[in-house]
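Fold and contact review
The chain contents come next:
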Amino acid sequence: MTDKRKVIKIDPDPLAPYAIAPGWRVGNMLFLSGQAAIDEAGNIVGAGDFDRQVAQVFINIDRVLAAGGSDRKKIVKVTIYLTDMGFFPQIIEARKRYFSEPYPADTIVEVKALALPDLMVEIDVIATI
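Residues numbered from 1 in each chain as written. Predicted model: local features only at pLDDT ≥ 70, side-chain atom pairs only at ≥ 80, totals over all residues. Heavy atoms only, no water.

**Notes on the packing of aromatic side chains**
Counting across every chain of the model gives three aromatic pairs. Ring geometry for Phe50 against Phe87: centres 4.1 Å apart, planes inclined by 5°, an arrangement best described as stacked. Residue Phe50 is found in helix α1 (residues 50–67), and its partner Phe87 is found in the loop between β4 (75–82) and α2 (88–98); the two are separated by 37 residues along the sequence. Across the pair, Phe87 and Phe50 agree in class, each one buried. Between Phe58 and Phe99, the aromatic rings sit 5.5 Å apart at their centres with planes inclined by 80°, giving edge-to-face as the arrangement. (Phe/Tyr/Trp six-rings, centres within 6.5 Å; stacked < 30°, edge-to-face > 60°. Helix = DSSP H or I, 4+ residues; strand = E, 2+ residues; numbered from the N terminus. Buried < 20%, exposed > 50% of the residue type's maximum accessible area, 1.4 Å probe, protein only.)

The following block contains the structure:
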């Protein structure tokens, strides 16, 4: 029996300094690490600007999905971490902007903080190939 697991690699990889894989392909499923507003060079994008951070998160999600052989239309589940549930209305708008029906399953959690102080949102994704 062959191992049907494969790490998803991107270059450059802004998560490498944190010892995190961008994601894993397991069979025909992709499991992405949480994506935050960090650009390819490892810089935080949009400090203090929630909508700009969400836009960067989806740029990152698209990049990792493409490296794994998928795209946003094949996302089946997202988990969204917010540092302030006051951003919930903006997340609803983001869902409509970045997804189409049928929308993926979704969980939203408010957290005290994310990995870096200026981050306001992080999204992890499960998708099919």
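Still to come is the rest of the account.
**Observations regarding unusual backbone geometry**
In this structure, Pro12 follows Asp11 across a cis peptide bond, with omega equal to 0°. Its location among the elements puts Pro12 in the loop between β1 (5–8) and β2 (23–26). With an omega dihedral of -5°, the bond running from Glu101 to Pro102 counts as a cis peptide bond. With respect to the secondary-structure elements, Pro102 resides in the loop between α2 and β5 (105–110). Although it is not a glycine, Ala19 sits at a positive phi angle of roughly 60°. By the element assignment, Ala19 lies in the loop between β1 and β2. On the basis of relative accessible area, Ala19 is assigned to the exposed category, the value being 75%.

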